[in-house]
Amino acid sequence: MLNGEITHTFEENTCHLVIRDPHAKHKPSEEEQQSQPGTDEPTAHVDRIRNCDIFIDSHDLYFYADVKLFKFHSRRTFDLKELKTLHINFDTQKNCYQIDLPILPSSPTADDGGAASGEPAPGGGATPKPKTVRKEYIGALQVPFLADWTLGKLDKEIVVQEWKFKRITDQCQLHLNGHIERAYKLTNQFGYGFASKYSGPLEASELDKSTCRIAEPQRLSPFQRRLDRLVDEMKRFSRDQYKMNFVELQVPSGHQNPLRYRAKILETSMTQEQAHLLHNLSRCQQKQEDEPLYTRLQHNEIDCGLISIMLAICYDVRTTNNDPTCESGWTRCILCPLICYFEQFDNYRDVVVAFLRRVITYPLYRNFELGRQCVRDAIEVLRGGRNWLINQLLLTHQQFATSEPSRDTFNSLYIEDYIRYVSNTEICTDDHLRLLARNVKNVLMDVSKRHLGLGINEIETELIKELMQEMRLDANSSAQQQQQQQLELQVPGADDLDADNDTSGQEDETTTDDDSVITDSFESMDMDMRLIENEIVYSVDDVDDDDEDDDDDDDEDDDDDEEEDDDEDIDGDDDDRSSSTSSSDAEGNSVIEQCSNSNSEAALASPNNSQKILPTDYH
């Protein structure tokens, strides 16, 4: 599908368009010379010029004539309300279509035929703005149509939303050489498949409805198939899913990240089944002496279709780590518009853009950078991976043939012919593949997110704002939590200080109690010590009394006095147990002194027994 130019002129409220027939150089054969009654034109030629498809919008007209798409953009607005039936005249002498479209009235400044600079506009309108030096230079080139188009580009870049177009083919009538009496309806018999060589209807049972979106490709023009694809992609595109994969690919655990995969295009191996299939397909290859080579248009269409299939294969290989799964057939089919919509491409830019749109719409990993990486893989394959490409085409053939539901129809329409095409080194040479790689690389450098037409830049900007807002909310919430924790720490902190003060007082009391306990323990220990000392003293005195029965009465009186004093001391200690530590110590010292005095007296009385027991040594 090639793009053609339309010659136009404005006459008041009418736009006159002239479209040259793409088959103007075609000469009818002898079989085509049979004319219809009442006409001078061959039947086959009339059928070919009737094979058109027309779309219109407020400022745009797309006219598809068999194999070429003609585009026209008007500054003035078409009057679609008055456009009920569109009459198209075909001039057989000039081999061109002639169309008259009604347009809405506008100010003279908007019309191409307005007044010159500095002259008053007819009808009392405002004078147009003076032209700049650059516009005057372009207008002086004496190429009116090129100048108009260039001025439009300089003023504002034309953005055409093709999915809004309205198809008016059924409202059109074709006339030959201005004969209004006889009118023809436009027919729909368009080609599809490899090099558009198929034109018959397809059986509904042979199609995979889950992937094939065009049931009757022969009734839809290539541009209509493209519009259907654009509309479906806009319906299926998920902003939320794209946001998730934009931040990070949702790769299952145990699987390799597709962005880190390195394709090994030089390491290829072919199974016995694939080798047998390649041998059978090569036997059916067309012979050069029997059929001519492909035309330039067909060759360009074939190359674009090959790139479209390669991109889908590279995505499946990268996401599965070159280990095909049960979904590989669906992935290679859904990412290729050539198979799903029987779409015909005539330039590499449309192929790359269509692939990137589908990458972020249908598969598991919807990431723009992942799609670009797949395009780079395809470039490497075209540079020197012919065997790898043939192997993958054979694998795709096997996946389509064994899938459920069966996709074997796509094998007969595309895959088998492409296997023969790539295997033929005379038609598809290595230099030709390297040329394709260079062209695709140049296209990839120019394609950006805004060319996809899905608002990717706006979605990413919105996502970044959402993330920043979440970060701010998280920061605010964390700051509030910290402040709340500090407040909670501050209020109990004052209580803790008071509690510490109270606790210090309690500790003082506790310390005093402990001291009292310790003092009591010391008192008890002193009491035990005194008792033990007294017992020792008593035992010593008893021994002394037993040994010195013959002592004088004065000594006995002294002993009795000492015993009375000891008894008084013991009674005094029992009465004063709850007294202070100083008093108890003093009493204890007095008792010990008394004991020491008594012992000293006893020692003096009996020098022989003075070294038996010494209370001072015990103490």
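Since this is a predicted model, take the numbers as computed values, not measurements.

**Thoughts on the overall build of the chain**
Helices and strands together make up the secondary structure of the chain, namely 18 helices and 11 strands. Taken across its 619 residues, the chain has 40% of its residues classed as buried.

**Topic: the packing of helix 6 (residues 272-283) against helix 12 (residues 386-402)**
Two numbers describe how helix 6 lies on helix 12: the axes approach to 10 Å, and their chain directions differ by 95 degrees. Accordingly, the angle class assigned to the pair helix 6 and helix 12 is roughly perpendicular. From helix 6, E273, Q274, L277 and L278 reach across to helix 12, where they touch I390, N391, L394, L395, H397 and Q398.

**Focus: the nonpolar core**
Judged by nonpolar contacts, the single largest core of 82 residues is most densely connected at F342 and F355. Once residues within four sequence positions are removed from consideration, F342 is found in contact with Y192, L202, C212, I214, P217, R225, P337, F410, L413 and Y414. I6, L86, Y97 and Y184 belong to the second-largest nonpolar core, a separate cluster that totals 30 residues.

**Overview of the packing of aromatic side chains**
Here the structure, examined in full by the defined rule, presents 15 aromatic pairs. Ring geometry for F237 versus Y242: centroids 6.1 Å apart, planes at 50 degrees, classification tilted.

**Some points on the confidence of the model for the chain**
For the chain, the mean per-residue pLDDT works out to 75, and 64% of the residues sit at or above 70. The spread of mean pLDDT over the elements of the chain runs between helix 3 (residues 144-155), the lowest at 40, and helix 10 (residues 348-359), the highest at 96. Low pLDDT, under 50, characterises residues 287-291; the predicted model gives this stretch five contacts beyond four residues in sequence or across chains.

**Brief notes about the side chain of Q392**
With respect to the helices and strands, Q392 occurs in helix 12. Residue Q392 is classed as buried on the basis of its relative accessible area, which comes to 5%. Not counting the four nearest positions on each side in its chain, Q392 is found in contact with I313, V317, N322 and R332.

**A short note on the packing of helix 7 (residues 296-319) against helix 10**
Relative orientation of the contacting elements helix 7 and helix 10 amounts to 25 degrees, with a least axis distance of 10 Å. Relative to helix 10, the element helix 7 is oriented roughly parallel. Relative to helix 10, the crossing made by helix 7 is right-handed. Residue-level contacts link N300, D303, C304, I307, S308, L311, A312 and Y315 of helix 7 to Y348, V351, F355 and V359 of helix 10. Looking at the contact of helix 7 with helix 10 residue by residue, the classes come out as nine nonpolar, two polar and one charged.

**Focus: the sheet that holds strand 8 (residues 96-102)**
The strand order across the open sheet formed by six strands is 2-3-8-7-10-11, and the pairing between neighbours is mixed. The sheet is open, and its two edges are formed by strand 2 (7-11) and strand 11 (184-185), each paired on a single side.

**Concerning empty space enclosed by the protein**
Summed over all chains, the structure comprises two cavities of 30 Å³ or more. Reported here for the second largest cavity is a volume of approximately 30 Å³. Every residue along the wall of the second largest cavity is listed here: I56, L80, L83, K166, I168 and Q171. Per-class residue counts for the lining of the second largest cavity are four nonpolar, one polar and one charged.

**Some thoughts on the pattern of salt bridges**
Under the defined criterion, the tally for this structure stands at 22 salt bridges. A salt bridge links R318 to D377, with the nearest nitrogen and oxygen atoms 2.8 Å apart. Placement of R318 in helix 7 and of D377 in helix 11 (residues 368-384) is noted, with a sequence separation of 59 residues between them. According to the relative accessible area criterion, D377 is buried, its value standing at 11%. Among the ionic pairs, R420 bridges to D417, the shortest N-O distance being 2.9 Å.

Definitions and cut-offs
- Residues numbered from 1 in each chain as written.
- Predicted model: local features only at pLDDT ≥ 70, side-chain atom pairs only at ≥ 80, totals over all residues.
- Heavy atoms only, no water.
- Helix = DSSP H or I, 4+ residues; strand = E, 2+ residues; numbered from the N terminus.
- Buried < 20%, exposed > 50% of the residue type's maximum accessible area, 1.4 Å probe, protein only.
- Axes fitted to C-alpha atoms, helices over the stretch in contact; angles between N-to-C directions.
- Parallel < 35°, antiparallel > 145°, perpendicular 65-115°, else oblique.
- Contact = heavy atoms within 4.5 Å.
- Core = buried A, V, L, I, M, F, W, Y, C linked by side-chain atoms within 4.5 Å.
- Phe/Tyr/Trp six-rings, centres within 6.5 Å; stacked < 30°, edge-to-face > 60°.
- pLDDT = per-residue confidence, 0-100.
- Left-handed = near helix turned anticlockwise from the far one by under 90°.
- Nonpolar A, V, L, I, M, F, W, Y, C, P; charged D, E, K, R; others polar.
- Pairing = 2+ DSSP bridges.
- 1 Å grid on protein atoms, 1.4 Å probe; cavity = no way out; pocket = protein on both sides within 12 Å on 5 of 7 lines; lining within 4 Å.
- Points joined across faces, edges and corners; volume = space filled by probe spheres on them.
- Salt bridge = Lys/Arg side-chain N within 4 Å of Asp/Glu carboxyl O.

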